[in-house]
Amino acid sequence: MSQHTLAVLVENSPGVLARVASLFSRRAYNIDSLAVGPTEDPNISRMTIVLNLEGHVLDQVMAQLYKLVNVIAISEMPAQSTVHRELLLVKVSAQQSAKVHEIVESFEAKIVDEQGGTITIEATGETAHIESLLQALTPLGIKELVQSGLVALERGEAALSDRTLSAQGISTTHALNAQADYQN
Amino acid sequence: MSKEMTGAASLVKSLEAAGVDVMFGIPGGAILPAYDPIFDSKIRHILVRHEQGAGHAATGYAQATGRTGVCIATSGPGATNLVTPLADAQMDSVPMVAITGQVPSAAIGTDAFQEADIRGVTMPITKHNYLITNPADIPRAIAEAFYIASTGRPGPVLVDIAKDALQAMTTFDYPKNIQLAGYKPQTKPSDQSIRDAAALIAQSSKPVFYVGGGAIKANAHKELMQLAELVGAPVVTTLMARGAFPDSHQLHLGMPGMHGTVAAVTALQKSDLLITLGARFDDRVTGKLSSFAVHAKVIHADIDPAEIGKNRFADVPVVGDLMETIKALIPAVQAEFKKSKPDLTAWLRQMFSLRSTYPLGYNHPEDGSVSPQYVIERIGAITGPDAIYVAGVGQHQMWASQFVRYEKPRTWLNSGGLGTMGYAVPAAMGAKVGAPDTTVWAIDGDGCFQMTNQELTTCALNNIPIKVAIINNESLGMVRQWQTMFYEGRYSNTSLHSKRIPDFVKLAEAMGCVGLRCDRTEDVDATIKKANSINDQPVIVDFSVFRDAMVWPMVAAGTSNDEIMIARGLAPDWDSQEL
């Protein structure tokens, strides 16, 4: 078992999230996290899906995902050359305010609200970074927290959307690229 | 600027533009606007008695003709009644388009009368689906639906259209070509995969062609024959592929799987190379997967890349249309054989010996009752290989796959993947509509028949003269067989207690069909001939048969194919075989 991050470009159409979620559910694939949002093209949304599974199962997941008509392209993000980020918002007790400020500074996080005996902190970073921050804050009394799913972008000039966008909008060649991707 | 018309008129014009000649359906509130232009359309609409009948009829039509079957229903219960046929078509890769009405868009999500989220319901059991609320989207959705349903790996597509979109005025603009960003089926196999496959075939001394339903979908039976004869390897045809390769052919070992022949099952088990063509390593074929064909390398050719490696690792995956794949393989294999051609004589001798030692067979019951296998065998022998045979699900289905001799593709229709009891009568109706000059026999069980026989009324009223053989053992026979084998003969709820209730002959007559009864072995032939002689009305024959007949051979669910039994407690005599 190992962790894999998939970037999935989907048509921005109603029900597409339900289709992807339904596929993972009915094929009994477990998702660690799923983040979805708009891209530079208003017709296309991008999902970042984090999974823990065996390599050959990953091929199957990608092939099954690609069968969804609304899925335009899929790529496994290479661990070495990818920027991974998560967003954390966490509300902690202000009783040990100085300690909180010290931790926030050392983790390069940000205080976004401070009132009524609580401090709200915003942090972004790789999963390990966020986990360490939470570990440090736990003894100070975490009241509430929310985390985004992981998002990921490849370093350098490579762009998944290069394959999918053309002057007219959606091009017709990316599908074969996507196919080549998951066959590799 | 094209002429203004309602969304409903645009829908019907779109269906005409898609080449639809017939559809099966029932009107209702939400779909009602569409039925007004249907009244004037050249498309034949067949008014069924239950939407499930419409769905299976569309499937039967598609499987018999290769064209896309169409069914139409209203919102809510009309749509949910299509769920089983849609799931059935998805499992068996049947091209089908289902049109459903939906409550007006303003009412969607309010639990309105006859509202069901059929797009949500059918997401996992369709190839794709649509919810249309804008009338301008109707032509594109219909065009895309037919394109998606019929290309790549075929499958069902549902188009749900809100009532107000059907009522509103719009213009009709049918797209000339379809561009779908996320749907580009790869039909041409890569050269590398073809070369690798050919090389593997040339190195193999125990190859076997494992042929699935994809061979029929791709209309590749002629090419399959060429390739099989070129390689000279034995061929097995799965339940979905019966007819893809002639049963009379010397290389054919029959059907593999849970109720396959000893030769076909053993050929896969002992093979060193599975040349897998449009098959998907279903559990009913592989038995216990970890013990399936353990010495074999695998060439897996399929149009659907997601089938490759799903259940069994493929040494050589070949993604593409099966017709193109086989056409490319033939010269590649010829080139390899010029270098070296393996000698398959010993392998063939072993397999042919198994075939002749363990042919399919049955005994006539000692109590003098009629053997169900005999009835089915005689229907096939008397009616011949040009007819279409449609089965329900259960013992009679297995016997129909075993004891009817299939020589041509699209002559054997059944519900293989989903295993839908009640499939036979409506699917036979659809097949007969698609192939009106062909004799269509539904071979059904008395359990199955009671699930969907209402469509015989549709057949009687619409001049669809199918023939139905009810293999009447007064029980849910296959379940009863499992109870015999695995539940110590405790027949919980499998007896239909049906001695003449219902009286199928009277029921047939009540539905405007001819009803015949046969309960003596010596009358079987005459009854079949009489049924075959009636071509202006549907015919239902109630064959009373032996209740305790069992389907053999059998590989019990979850066990290894090596554990195949040829009769209860009886394994093949492996020691006498050189393997």
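So, here is what we can say about the structure in this document. (Residues numbered from 1 in each chain as written. Chains lettered and ligands numbered in written order. Predicted model: local features only at pLDDT ≥ 70, side-chain atom pairs only at ≥ 80, totals over all residues. Heavy atoms only, no water.)

Taken as a whole and assessed by the stated rule, the structure comprises 21 salt bridges over all chains. Residue Asp-282 of chain B pairs with Arg-280 of chain B through a salt bridge whose shortest N-O separation is 3.4 Å. Take Asp-282 of chain B: its relative accessible area is 21%, and that puts it in the partly exposed class. Look at Arg-280 of chain B and you get partly exposed, because its relative accessible area is 21%. Residue Asp-283 of chain B pairs with Arg-284 of chain B through a salt bridge whose shortest N-O separation is 3.2 Å. Beyond isolated ion pairs, a larger network of salt bridges with shared partners links Lys-67 of chain A together with Arg-153, Asp-304, Glu-307 and Lys-310 of chain B. (Salt bridge = Lys/Arg side-chain N within 4 Å of Asp/Glu carboxyl O. Buried < 20%, exposed > 50% of the residue type's maximum accessible area, 1.4 Å probe, protein only.)

Turning next to the packing of helix H12 (residues 262-270) of chain B against helix H15 (residues 345-357) of chain B. How two helices sit against one another is set out by the angle between their axes and by the gap between those axes. Residues and elements named next belong to chain B. Where H12 meets H15, the axes come as close as 8 Å, and the angle between the chain directions of the two elements is 150 degrees. Classified by the angle between their axes, H12 and H15 sit roughly antiparallel to one another. By crossing handedness, the relation of H12 to H15 is classed as right-handed. Between H12 and H15, the residues in contact are Val-262, Ala-263, Thr-266, Ala-267 and Lys-270 and Trp-347, Met-351, Leu-354 and Arg-355, respectively. (Axes fitted to C-alpha atoms, helices over the stretch in contact; angles between N-to-C directions. Helix = DSSP H or I, 4+ residues; strand = E, 2+ residues; numbered from the N terminus. Parallel < 35°, antiparallel > 145°, perpendicular 65-115°, else oblique. Left-handed = near helix turned anticlockwise from the far one by under 90°. Contact = heavy atoms within 4.5 Å.)

Let's shift gears to helix H3 (residues 51-65) of chain B. Residues and elements named next belong to chain B. Here H3 contains 15 residues, and its C-alpha end-to-end distance of 21 Å stays within 8% of the 21 Å for a straight helix at 1.5 Å per residue. Among the 15 residues of H3, 14 are classified as buried, and the element is accordingly described as predominantly covered. Just past H3, the residue Gly-66 takes up positive phi, approximately 85 degrees. (Expected span 1.5 Å × (residues − 1).)

Next up on the list: the interface of chain B and chain A. Listed by partner, the interface residues are 21 residues for chain B and 24 residues for chain A. When the two sides are added together, the surface that chain B and chain A hide from each other amounts to roughly 1,800 Å², 54% of it contributed by carbon and sulfur. Our count for the chain B to chain A interface comes out at one salt bridge. Salt-bridge contacts for Lys-67 of chain A lead to Asp-304 of chain B; the nearest nitrogen and oxygen are separated by 2.6 Å. For the side of chain B that touches chain A, the residue count by class is nine nonpolar, six polar and six charged. (Buried area = accessible area lost by both parts, 1.4 Å probe. Nonpolar A, V, L, I, M, F, W, Y, C, P; charged D, E, K, R; others polar.)

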